[in-house]
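Structure at a glance
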Amino acid sequence: DWEFPENQEQAKAFVDLAGGIKAGLRELEKKNAKTYVVTAAVNPGNWVGRWFDGAALAGAVDVLMVMTYDYTGPWDDWAGHHSPLFPTAADPRSRTACVQAGMAYWNKEKKIPKEKLLVGIPLYGRGFKVPKPFDSVPRGQESDISSLAYRDILPLMVQGWKTKRDPESRVPWLYAPDGNGVIGYDDPTSVAEKTRWAKAEGYPGVFFWSLDHDHMDDGTHPLVEAAAKVLR
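What this report covers is the structure whose coordinates are included nearby. (Residues numbered from 1 in each chain as written. Predicted model: local features only at pLDDT ≥ 70, side-chain atom pairs only at ≥ 80, totals over all residues. Heavy atoms only, no water.)

**A word on the packing of helix α6 (residues 188-201) against helix α7 (residues 222-231)**
Viewed as axis vectors pointing N to C, α6 and α7 meet at an angle of 35 degrees, and their least axial separation amounts to 8 Å. Of the two elements, α6 crosses α7, and the hand of that crossing is right-handed. Together, Pro188, Val191, Ala192, Thr195, Arg196 and Lys199 of α6 and Pro222, Leu223, Ala226, Ala227, Val230 and Leu231 of α7 make up the contact between the two elements. Among the residues making up the contact of α6 with α7, the classes are represented as nine nonpolar, one polar and two charged. (Axes fitted to C-alpha atoms, helices over the stretch in contact; angles between N-to-C directions. Helix = DSSP H or I, 4+ residues; strand = E, 2+ residues; numbered from the N terminus. Left-handed = near helix turned anticlockwise from the far one by under 90°. Contact = heavy atoms within 4.5 Å. Nonpolar A, V, L, I, M, F, W, Y, C, P; charged D, E, K, R; others polar.)

**A short note on the nonpolar core**
Counting 55 residues, the largest nonpolar core has Leu64, Trp106 and Ile183 as its most contacted members. By residue number, the principal contributor to this core is helix α1 (residues 8-32), which donates five residues. Not counting residues within four places of it along the chain, the set of residues in contact with Trp106 comprises Val42, Asn43, Pro44, Gly45, Gly49, Phe52, Leu57, Leu64, Val66, Lys111, Ile112 and Leu117. Ala79, Val130, Trp173 and Val182 belong to the second largest nonpolar core, which has six residues in total. (Core = buried A, V, L, I, M, F, W, Y, C linked by side-chain atoms within 4.5 Å. Buried < 20%, exposed > 50% of the residue type's maximum accessible area, 1.4 Å probe, protein only.)

**Re the pattern of salt bridges**
Applying the stated rule across the entire model yields 16 salt bridges. Between Arg26 and Glu29 there is a salt bridge; the shortest N-O distance is 3.3 Å. Residue Arg26 and its partner Glu29 are located together in helix α1, separated by three residues, close to a single helical turn. Residue classification places Arg26 among the partly exposed positions, given a relative accessible area of 25%. Among the residues examined, Glu29 registers a relative accessible area of 19% and is labelled buried. Across the salt bridge formed by Asp77 and Arg139, the nearest N and O atoms sit 3.2 Å from each other. Of the two residues, Asp77 is situated in the loop between β2 (63-66) and α4 (99-109) and Arg139 in the loop between β4 (124-128) and β5 (148-149); the sequence distance between them amounts to 62 residues. Judged by relative accessible area, Asp77 falls into the partly exposed class, the value being 30%. The network of salt bridges with shared partners includes Lys22, Arg26, Glu29 and Asp62. (Salt bridge = Lys/Arg side-chain N within 4 Å of Asp/Glu carboxyl O.)

**Concerning the pairing of strand β6 (residues 162-165)**
Alignment of β6 against strand β7 (residues 172-175), held across four bridges, turns out to be antiparallel. Within the sheet, the bridge partner assigned to Arg165 lies in β7 and is Pro172. Hairpin connection between β6 and β7: a loop of six residues separates the two successive antiparallel strands, and Arg170 in this loop has a positive phi of roughly 70 degrees. (Pairing = 2+ DSSP bridges.)

**Some details on the sheet that holds strand β9 (residues 205-209)**
If you walk across this open sheet you meet the four strands as β1-β2-β3-β9, and the pairing is parallel. Edge positions in the sheet fall to β1 (39-42) and β9, since each has one partner strand and no second. Strand-to-strand twist across the sheet, computed as the mean angle between neighbouring axes with direction ignored, equals 30 degrees. Where β1 and β2 come together, four bridges link them in parallel fashion.

**Description of the packing of aromatic side chains**
Summed over all chains, the structure comprises ten aromatic pairs. Note on Phe134 and Trp173: the rings are 5.7 Å apart at their centroids and 80 degrees apart in plane angle, and the pair reads as edge-to-face. Note that Phe134 is positioned in the loop between β4 and β5 and Trp173 in strand β7, a separation of 39 residues in sequence. Members of the aromatic cluster, connected to one another through ring pairs, are Trp2, Phe14, Phe52, Tyr105 and Trp106. The lysine or arginine in question, Lys114, covers the ring of Tyr203, its NZ or CZ lying 5.2 Å from the ring centre. (Phe/Tyr/Trp six-rings, centres within 6.5 Å; stacked < 30°, edge-to-face > 60°. Lys NZ or Arg CZ within 6 Å of the ring centre and 35° of its normal.)

Here it is as structure tokens:
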């Protein structure tokens, strides 16, 4: 979980580190008859991926977890959804800032085999103090809705926040009752759709950040369970 190499030299060190760990674990497997899996988390695009030799990275890890979320946040100047499945015409930047594009980058451009790639699903949302999605926002603006666990998003619905689903990007938005807030998040419907898409595309599965965000008081995990039903 090296977030993230900032140049080609660091990316090579990343690969060397992962490859060294993998080689050591393969030796351990011979001794104790256990199986070890080397994983690494990567940013979902060229911002970090440009530094990597795809073939070398593929050889150094067993599984690469593509963090297909945090496409937008308080570091940006517009209120985009932070994990859309597909692009939406309302946000031209989503053509390269969506789950579909992030996975294609690592598979098609960096030549990482699909069987080594997992699709990232966030168990939290990111919000902005604006009336509607894709409005401009001051860069660096933090608020009480900048990052909310799914378990903390649910009570907002009881307080009058309304859900609307983007038919193109296939993810929901939550709108504040006073007209001054939108939150892009995932719900069981969008999680199931992302998982079905991953399965249909030939990716072996999905992963989440972070499990505590989806842990309900009754011990259930509604988002994780929505994905599990698809994969069973």
